[in-house]
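Breakdown of the fold
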Amino acid sequence: MNALYERMLSAYDQSTDTGRRNAIYEVSQQLVLAGLSNGGFFDKAAFYGGTCLRIFHGLDRFSEDMDFTPLKEERSFNFEQYFQPIIDQFAVVGRTVEIKKKDKKSFGKVESAFLKDNTDVYDISFQTERSVKVKIEVDIVPPMKFSTEQKLLLQPMSFMTRCVALPDLFAGKMHALVFRAWKSRVKGRDWYDFEWYVRNGIELDFRHLQERIRQFNGREMALNEFTDELKNRLATTDINQVKADVLPFLNNPRELEIWSNDYFLQLADMIKIK
């Protein structure tokens, strides 16, 4: 096995099949970021979402997908021009990858429930002892009024990644928690991240949250209205389904022992607004 690839994997606990899988995913995500940095992608776009929170802010759960937003509306934005830098970066660690744009018409209801028409989706696939597929989403007409910051990674080499700032990441997560339309399914990872933001005293940028609600949902919403919807979601969702979804992504399942609907309602009262 390639020495650099093995060194990157060695930073993770791989004593279980799940641990090994999660380690391969996260190393792959770091390679994607390095390739994008080499290609100049972060001059025009920023990284956001749960994987950003995991890699750059120490969120103690693994995350699969990678989400990116251009810094301004750019309907002609062409992510495919960055394929080669990604391919080249994987080649450095001895991996041959295939990148394909996905046809959203073939998406199932669950997969498409939270994607806008203006979001392009790509799969980066390669083979280790198992097939690995990293999904990338690029919102080419993004909600604006967000800030960014440069964050440093040291592997596979030192490079900078432009990331959406934490208060705006929080806004994106709260939008997902309240409005994600998965019908009978819930995404417990949204709840886990919500807990993390509150615990770490991160302020919620409500101005950016309002932009997301306008663009995704076509609604104008004041803070008290959003709070009411949030608390309704927290009070009525099956907490056992929430736990079941997030459990495979955790190193320490005991974190979930305190989880209840009332626990999350109390967290909602602790949100700090920017």
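The notes below deal with the structure included here. Remember, predicted model here, so these are calculated numbers, not experimental data.

The secondary structure content of the protein amounts to 11 helices and 9 strands. A compact globule built from 274 residues should have a C-alpha radius of gyration of about 19 Å, and the protein, at 18 Å, falls within 12% of that. With respect to the three principal axes, the spread of C-alpha positions in the protein is 50 × 45 × 35 Å. Residues classed as buried in the protein amount to 54% of the 274 residues present. Just so you have it, the protein exposes about 12,600 Å², and 46% of that area is on carbon and sulfur atoms. Separation between the mean location of the 39 positive side-chain charges and that of the 40 negative ones in the protein comes to 2 Å.

Once that is clear, we can look at a nonpolar patch on the surface. A surface patch of nonpolar side chains, about 310 Å² in accessible area, is lined by Leu 152, Leu 154 and Met 160. Of note, Leu 152 is situated in strand E6 (residues 148-153).

Our focus in this paragraph is the pairing of strand E7 (residues 159-164). Burial analysis of E7 places 5 of its 6 residues in the buried class, which makes it a mostly covered element. Summarising the sheet, E6 and E7 pair through 6 bridges and their orientation is antiparallel. Following the sheet pairing, Thr 148 is matched in E7 by Val 164. Following E6, the chain reverses through 5 residues before pairing antiparallel with E7.

Right, let's talk about the packing of aromatic side chains for a bit. As enumerated under the stated definition, the model contains 23 aromatic pairs in all. A centroid spacing of 5.3 Å and a plane angle of 50° characterise the contact between Phe 90 and Phe 126, whose relative ring orientation is tilted. A residue pair is termed long-range when its members are at least 10 positions apart, and Phe 90 in helix H4 (residues 83-92) and Phe 126 in strand E4 (residues 119-127) qualify at 36 residues. Note on Trp 196 and Tyr 197: the rings are 5.4 Å apart at their centroids and 85° apart in plane angle, and the pair reads as edge-to-face. Summarising the burial analysis for this pair, Trp 196 and Tyr 197 share the class buried. Grouping aromatic residues by their ring pairs yields a cluster made of Phe 41, Phe 42, Phe 47, Phe 56, Phe 68, Phe 77, Phe 79, Tyr 82, Phe 83 and Tyr 122. The ring of Phe 62 has Arg 54 sitting right over it, with the charged end atom 4.0 Å from the ring centre. It is Arg 95 that lies over the ring of Tyr 5; its NZ or CZ is 4.4 Å from the centre.

As a further point, take the packing of helix H9 (residues 223-236) against helix H11 (residues 261-268). Two quantities define a packed helix pair, namely the angle between the axes and the distance from one axis to the other. Two elements in contact, H9 and H11, have axes whose closest approach is 8 Å; the angle formed by their N-to-C orientations is 160°. When the interaxial angle is binned, H9 and H11 end up roughly antiparallel. Like other packed secondary-structure pairs, H9 and H11 cross with a definite hand, here right-handed. Listed contacts from H11 to Leu 230, Lys 231, Leu 234, Ala 235 and Thr 236 of H9 are Asn 261, Phe 264, Leu 265 and Ala 268. Residues that form the contact of H9 with H11 fall into these classes: 6 nonpolar, 2 polar and 1 charged.

On to the packing of helix H2 (residues 17-38) against H4. For the pair H2 and H4, the least separation of the axes is 8 Å and the interaxial angle reads 130°. Between H2 and H4, the angle is such that the two are oblique. For the crossing formed where H2 meets H4, the hand is right-handed. Touching Ser 28, Leu 31, Val 32, Ala 34, Gly 35, Leu 36 and Asn 38 of H2 are Pro 85, Ile 86, Gln 89 and Phe 90, all from H4. A class-by-class count of the residues in the contact of H2 with H4 yields 7 nonpolar, 4 polar and no charged.

Along the polypeptide, Arg 20 turns up in helix H2. Separated by 201 residues in the primary sequence, Arg 20 and Met 221 have C-alpha atoms spaced 43 Å apart.

Scanning the entire structure with this criterion turns up 0 disulfides. The cysteine Cys 52 is free of any disulfide, with Cys 163 supplying the nearest cysteine sulfur at 3.7 Å.

Taken residue by residue, H11 has Tyr 263, Phe 264, Leu 267 and Ala 268 as its buried positions. Considered in projection along H11, the buried side chains sweep an arc of 145° and stay on one side of the axis. For H11, the secondary structure elements touched by its buried residues are helix H7 (188-199), H9 and helix H10 (239-246).

Right, let's talk about unusual backbone geometry for a bit. A cis amide bond links Gln 155 to the next residue, Pro 156, at an omega of 5°. Position of Pro 156 relative to the elements: it lies in the loop between E6 and E7.

Conventions used here
Residue numbers run consecutively from 1 along every chain, following the written order of its sequence. Local features in a predicted model are, by the rule used here, given only for residues with pLDDT of at least 70; side-chain atom pairs are given and counted only at 80 or more, and totals for whole chains, interfaces and linings are based on all residues. Excluded from the side-chain calculations are hydrogens and water; all other atoms, namely the structure's heavy atoms, are used. The numbering of helices and of strands both runs from the N terminus, where a helix is a DSSP run of H or I of at least 4 residues and a strand a run of E of at least 2. For this measure, only C-alpha atoms enter the radius of gyration; the expected value for a globule follows 2.2 Å times N^0.38, where N is the number of residues. Exposure classes here rest on a 1.4 Å probe applied to the protein chains alone. A residue is buried below 20% of its type maximum, exposed above 50%, and partly exposed in between. Values of accessible area rely on a 1.4 Å probe in the Shrake-Rupley scheme; residue burial ignores everything except the protein chains shown. Charged residues are defined narrowly, with Lys and Arg counted positive, Asp and Glu counted negative, and His plus the chain ends left uncounted. All charge positions are set by atom: Lys at NZ, Arg at CZ, Asp at CG, Glu at CD. Residues with no salt bridge and a relative accessible area higher than 30% make up the patches, which join like charges within 9 Å and nonpolar side chains (Val, Leu, Ile, Met, Phe, Trp, Tyr) within 5 Å. Salt bridge, as applied in this entry: a Lys or Arg side-chain nitrogen positioned within 4 Å of an Asp or Glu carboxyl oxygen. One bridge is not enough; two strands pair if DSSP finds at least two bridges between them. Here a Phe, Tyr or Trp ring, Trp counted by its six-membered ring, pairs with any other such ring whose centre lies within 6.5 Å, and the pair is stacked when the planes are under 30 degrees apart, edge-to-face when over 60, and tilted otherwise. By the criterion adopted, a ring carries a charge over it if an Arg CZ or a Lys NZ lies within 6 Å of its centre and within 35 degrees of its normal. Axis lines are fitted to C-alpha atoms, over the contacting stretch for helices. Their N-to-C directions set the angle, which ranges from 0 to 180 degrees. Any angle that is under 35 degrees is reported as roughly parallel, and any over 145 degrees as roughly antiparallel; angles of 65 to 115 degrees are reported as roughly perpendicular and all others as oblique. Here is the rule for handedness: rotate from the far helix to the near one, and if that takes an anticlockwise turn smaller than a right angle the crossing is left-handed, while a clockwise turn gives right-handed. Contacts were defined at the residue level, with two residues in contact if any of their heavy atoms lie within 4.5 Å. Lys, Arg, Asp and Glu make up the charged group, whereas Ala, Val, Leu, Ile, Met, Phe, Trp, Tyr, Cys and Pro make up the nonpolar group; the residues left over, Gly among them, are polar. We call a pair of cysteine sulfur atoms a disulfide whenever their separation is within 2.5 Å. This arc is taken over the directions from the axis of the helix to the C-beta atoms.

Without other data, these values stay purely geometric and don't point to any function.
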